[in-house]
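Observations on the model geometry
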Amino acid sequence: MMPGPNARLATWNVESIRARHDQVITWVEANEPDVLAMQETRCGSRLFPRKAFIDLGYELVIHGGESGHGGVAFAVRDGGECAVDTSVRSIDLGIPGAVSPLDEPRSISITWRHLRLHSIYAPNGQKVGTQAHRVKLAWFSLLRQWLQLEREDHPHVIVLGDLNIAPMDVDVWDPRRYRMRNLTSPPEREAFRALMEDGLVDVVRHHYGDAAAFTWWNRRSDFYETDRGWRLDHVLTDAETASLVTIVRVDRAERQKPNSTDHAPVLVELALA
DNA sequence: ATGGTAGCTGGGCTA
């Protein structure tokens, strides 16, 4: 339980923590992340299955409603008696001041060690041209402002989550077919690029180079079996933190398990002093 | 451009 110089952080859209409890706990036991950001937990703290996380030494921060969709959480490993303070501080559930329809439970922000961490679940957007798609773009505008404001107080930041945007052509199995569609449309990619312009680094893309790193495969039909995927789950950091990243792994083997969530977890390791 | 499935709910929405 001693956090060494290396920190392991992961993000995973679990698509209902109640339905995926055993898969997630098994993965956590095997990979021992210091921090796991979860999305699409689909329940609030009342129904969240906490026990196995607590028994493994994790503290939970939960933000979810009773609507049965959305929802995010953090599981943070207890640092025990070590000298480094690994407590969770300054918790923000959602984006402060957000009003309907931008106030759904889609983010948690915490301070951990010297880092400001965000677990983010962006609106899906459904289809270009719909109200849901316009809400998605408005939500990204709000997220950008929130992250800008946060960085004034916390220069070291890691955004972990399902942003529901495949930012580049290499991030979609058939880029020409999907260029003008939900998850890949120009205004969505512009919203993603705006976060980069604010100084965030796409560390998964950086480490995979030009190779595909899909994190989501539609569960309908044989999209996984035929590797027709999208890269929707992201880890974005400030430049200095990006320089500390030693390992990036999309654990796509999780996706092929029976009754799996439709997303693969993404794991990063940082060399922290 | 479409269809295909899954979870939460108790019909239809979200994804």
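Description of the structure in this document. (Residues numbered from 1 in each chain as written. Chains lettered and ligands numbered in written order. Predicted model: local features only at pLDDT ≥ 70, side-chain atom pairs only at ≥ 80, totals over all residues. Heavy atoms only, no water.)

**Side note on the overall build of chain A**
Worth spelling out the cut-off: Only DSSP runs of H or I covering at least 4 residues are called helices, and only runs of E covering at least 2 are called strands; the numbering of each starts at the N terminus. With C-alpha atoms as the basis for the radius of gyration, the globule rule is written as 2.2 Å multiplied by the number of residues raised to the power 0.38. Note on classification: 1.4 Å probe, protein chains only; a residue is buried when its accessible area is under 20% of the maximum for its type, exposed when over 50%, partly exposed between these limits. All accessible areas in this document rest on Shrake-Rupley with a 1.4 Å probe, and a residue is counted as covered only by the protein chains that are shown. Positive charge is attributed to Lys and Arg, negative charge to Asp and Glu, and no charge count is given to His or to the chain ends. Where a charge lies is defined by one atom per residue type: Lys uses NZ, Arg uses CZ, Asp uses CG and Glu uses CD.
Scanning chain A from N- to C-terminus turns up seven helices and 12 strands. On C-alpha atoms alone, chain A measures out to a radius of gyration of 17 Å, which is about the 19 Å that the 2.2 N^0.38 rule sets for 273 residues. Each of the three principal axes of chain A carries a C-alpha extent, and together these read 55 × 45 × 40 Å. The 273 residues of chain A split such that 55% are buried. Carbon together with sulfur atoms contributes 51% to the accessible area of chain A, which is approximately 11900 Å² in total. Each charge class in chain A can be summarised by its mean position, and for the 32 positive and 38 negative side chains these summaries are 7 Å apart.

**Quick word on the pattern of salt bridges**
If charged atoms from side chains of opposite charge come close, those side chains can pair. Selection rule: By definition, a salt bridge exists where a carboxyl oxygen of Asp or Glu is found within 4 Å of a side-chain nitrogen of Lys or Arg.
On inspection of all chains with the given rule, the structure shows 22 salt bridges. Salt-bridge contacts for Arg8 lead to Glu269; the nearest nitrogen and oxygen are separated by 3.4 Å. Placement of the pair is Arg8 in strand β1 (residues 6-13) and Glu269 in strand β12 (residues 266-271), with a sequence separation of 261 residues. Judged by relative accessible area, Glu269 falls into the buried class, the value being 13%. Look at the salt bridges and you will find they share partners, linking Asp171, Asp202, Arg205 and Arg231 into a network.

**Observations regarding the sheet that holds strand β7 (residues 115-121)**
Counted only if it meets this: By the convention used here, strands pair only if DSSP detects at least 2 bridges between them. Lines fitted to C-alpha atoms define the axes here, with helix axes fitted over just the stretch in contact, and angles between the N-to-C directions of these axes take values from 0 to 180 degrees. Two residues qualify as a contact provided that any one of their heavy atoms is within 4.5 Å of a heavy atom in the partner residue.
The strand order β5-β6-β7-β8-β10-β9 describes an open sheet built from six strands, whose pairing is mixed. Edge positions in the sheet fall to β5 (88-93) and β9 (200-202), since each has one partner strand and no second. Between one strand axis and the next, the sheet turns through 20° on average, direction left out of account. Judged from the three bridges that link them, β9 and strand β10 (residues 233-238) form a sheet pairing that is antiparallel. Within β10, the residue paired with Val201 across the bridge is Thr237. Helix α3 (residues 131-153) contacts β5, β6 (107-112), β7, β8 (157-162), β9 and β10 of the sheet and is inclined by roughly 170° relative to β7. Contacts from helix α5 (residues 186-197) reach β9 and β10, with the element oriented near 120° to β9.

**A short note on the pairing of β8**
We apply this condition: Look down the strands so they point away from you; if the path from the first strand over the helix to the second goes clockwise, the crossover is right-handed.
Burial analysis of β8 places six of its six residues in the buried class, the great majority of the element. Two elements, β7 and β8, share six bridges in a ladder whose sense is parallel. Note on β8: the bridge partner recorded for His118 is Val159. Running through α3, the crossover from β7 to the neighbouring parallel element β8 is right-handed.

**Observations regarding the packing of aromatic side chains**
For the record, the criterion: Aromatic rings from Phe, Tyr and Trp, with only the six-membered ring used for Trp, were paired whenever their centres fell within 6.5 Å, and each pair was classed as stacked if the ring planes differed by under 30 degrees, edge-to-face if by over 60, and tilted otherwise. Charges are assigned to positions over rings by a cutoff of 6 Å between ring centre and Lys NZ or Arg CZ, combined with an angular limit of 35 degrees from the ring normal.
Scanning the model with the defined rule gives 10 aromatic pairs in all. When the ring of Trp173 is compared with that of Trp230, the centres are 6.5 Å apart and the planes differ by 75°; the resulting orientation is edge-to-face. Of this pair, Trp173 sits in the loop between β8 and α4 (175-178) while Trp230 sits in the loop between α6 (203-208) and β10; the two residues are 57 residues apart in sequence, bridging distant segments of the chain. Aromatic rings pair up to connect Trp173, Tyr178, Trp216, Phe223 and Trp230 into one cluster. The positively charged end of Arg113 is found above the aromatic ring belonging to Trp112, 5.6 Å away from the centroid. The aromatic ring of Trp173 is capped on one face by Arg228, whose charged end is 5.5 Å from the ring centroid.

**Some remarks on the side chain of Asn31**
The cut-off we apply is this: Whenever a nitrogen or oxygen atom comes within 3.5 Å of another N or O atom, the pair is scored as a polar contact, on the condition that within protein one atom can donate a hydrogen and the other can accept it, and that pairs from neighbouring residues in sequence are kept only if both atoms are in side chains.
As for its position among the elements, Asn31 is in helix α1 (residues 21-31). Owing to a relative accessible area of 12%, Asn31 belongs among the buried residues under this scheme. A distance of 3.0 Å separates polar atoms of two side chains, one belonging to Asn31 and the other to Arg249. If we skip the residues at most four places from it in the chain, Asn31 touches Arg8, Arg249, Asp251 and Leu267.

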